[in-house]
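Each chain is listed here by its residues.
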Amino acid sequence: MRGNGVRGNGLFGLLLAVSLPLGAASMFFEGARVIVDARRPPLENATFLVDNGRIVKIGKAGTLKAPAGARRIDLAGKTVIPALIDPHVHLGYQKGLSYAAANFTRENVIDQLNRDAYAGIAAVLSMGTDLGDFPFQIRAEQEAGKLGGALLFTAGRGMAAPNAGPGNAELKPSAYDLTTEDEARKAVREQVARKVAFIKVWVDDRNGAVKKTPPAIYRAIIDEAHKLHTRVVAHVYYLDDAKDLARAGADAFAHLVRDKEMDDESIALVQQHKILIMPNLGIAEARTHVDPAPWLDEPLFRDVTPAALVERIRAAYSGRTPASVEATQKTYRTMQRNVAKLVAAGANVGFGADSGAAPDYFHAFTTHRELQLMVEAGMTPAQALTAVTATSAAFLRLSDRGTLEAGKAADFVVLDGNPLADIAYTRKIYKVYLRGQEVNRTALRGAFQ
Ligand SMILES: [Zn+2]
């Protein structure tokens, strides 16, 4: 099912095949600019018909007629985009002001999937820090149509050399501590048996604080995963590791190279091996400012973030000085230049906000901030939107998501303005529809704080 290359259309195809004739539940949307596929110009003044969770037809005004009984919904002046897909998050650890493994409960994970849905996010991939079995149960319930929220994909438990996994101490116990190639292969087999979407491996010494996962271990992980038709996402930091991971067959990098600017050889390697790169700019960027960020006052940020957390994030700026943020700014400029280089080379730049990877880097709004930062780093709004829709859908092998063509899932966000003109409009959300149903954002918001 989901993850091992054959997720697909089994369930949804079946639903489509047995769908009833159009009835009162069908919805006819009129008047919006629709970004059908972020790689192509939008349809201005479009109409589209949604029935049984699917886009049935889509075209310019006048080319389609509302069927008898369909509900007509006027979206004049609005812009519709495919719902966002964020393949790099760490769900479940933050709860209010607390950041701890003890917060990793079904209730807390579902709460965060609901915040994602509220913010127009259709699917997320929890990147290797999940505990226990319930994430797999949530996934099964969503597939059966019994549970809402953003669709949960999981990389299960990630792997690394002892203590060389996630950076945060609370996340560390979720990872396998591997010392031999046999252990590495066994860990991969265990995770694949649970039907994880990806295998996650960390290759980083955390600024010299830990002993990095050695090449023999990550090569065994990649080899075993590929034998079992499962792709591997590598956390990278250093340029030399990125080159070796590319040669070893890693399928995606969960971060940018951050110690140096990428050279021609590394760009050629990621191109040659078709590696998907998730920039993950947001966590680093948040540490580059001396003054509280203007987005702390944005409605979407405040809607999805617990109020006490908003205040602690604001308070974290006090005491910062230009000198104290100088090193983070230097690293961040390297990251921005690497995004620009990858885009200029036509590399496969994907998306991942890494929400939840560190305390107070909370979920949902961060996905939208990441889009803004990708544009500031040199991507066009259309390229950034492509990364978070079509490219991420392809990466998760969600063949019925990422664009709004006829036959695809009716997962879309109605915005108050055009994000192709200003990417900040992804945060001005009028309505969200997932699986053809309007997300009840008012009810969700009331339960968030
Ligand atoms: Zn991460």
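Note that the coordinates shown come from a computational prediction; the quantities given were computed from them, not determined experimentally.

Break down the domain arrangement of the protein for me, with residues and values.
Interface size, as often reported, equals the accessible area lost upon joining of the parts. In terms of domain boundaries, the protein breaks down into domain 1 (9–81 + 402–441) and domain 2 (156–395). Facing 15 residues of domain 1, the contacting portion of domain 2 comprises 14 residues. The junction of domain 1 with domain 2 conceals about 1300 Å² of combined surface from both sides, 66% of it contributed by carbon and sulfur atoms. Looking at the side of domain 1 facing domain 2, the largest losses of area belong to Ala38, Ile423 and Arg427, adding up to 51% of the total buried there. Among the salt bridges present, the one from Arg427 reaches Glu298, with a minimum N-O distance of 2.5 Å.

Tell me about the coordination of the zinc ion, and please be specific about residues and values.
Here the zinc ion is held by the protein donor atoms His88 (NE2), His90 (NE2) and Asp354 (OD), which lie 2.0 to 2.2 Å from it. Look at where the donors of the zinc ion fall in the sequence and you get H-x1-H-x263-D. Taken together, the residues His90 in the loop between β6 (84–89) and β7 (94–95) and Asp354 in the loop between α11 (326–344) and α12 (365–376) connect sequence positions 264 residues apart. For Asp354, a relative accessible area of 7% translates into the label buried.

A description of the pattern of salt bridges should follow, citing residues and the corresponding values.
Scanning the model with the defined rule gives 35 salt bridges in all. Between Lys78 and Asp416 there is a salt bridge, and its shortest N-O distance comes to 2.7 Å. Here Asp416 lies in the loop between β17 (412–415) and β18 (429–434) and Lys78 lies in the loop between β4 (71–74) and β5 (79–82), a separation of 338 residues in the sequence. With a relative accessible area of 19%, Lys78 lands in the buried category. The closest approach of N and O atoms between Asp263 and Lys243, which form a salt bridge, is 2.7 Å. Remark: Lys243 occurs in helix α6 (residues 239–248) and Asp263 occurs in the loop between β15 (252–253) and α7 (264–272); sequence separation between them is 20 residues. Among the charged side chains, a salt-bridge network with shared partners connects Asp37, Arg39, Arg40, Glu405 and Lys408.

Rules used in this analysis
Residues numbered from 1 in each chain as written. Predicted model: local features only at pLDDT ≥ 70, side-chain atom pairs only at ≥ 80, totals over all residues. Heavy atoms only, no water. Domains from an automatic or database assignment. Contact = heavy atoms within 4.5 Å. Buried area = accessible area lost by both parts, 1.4 Å probe. Salt bridge = Lys/Arg side-chain N within 4 Å of Asp/Glu carboxyl O. Donors = N, O, S within 2.8 Å, 3.2 Å for Na, K, Ca; no water. Helix = DSSP H or I, 4+ residues; strand = E, 2+ residues; numbered from the N terminus. Buried < 20%, exposed > 50% of the residue type's maximum accessible area, 1.4 Å probe, protein only.

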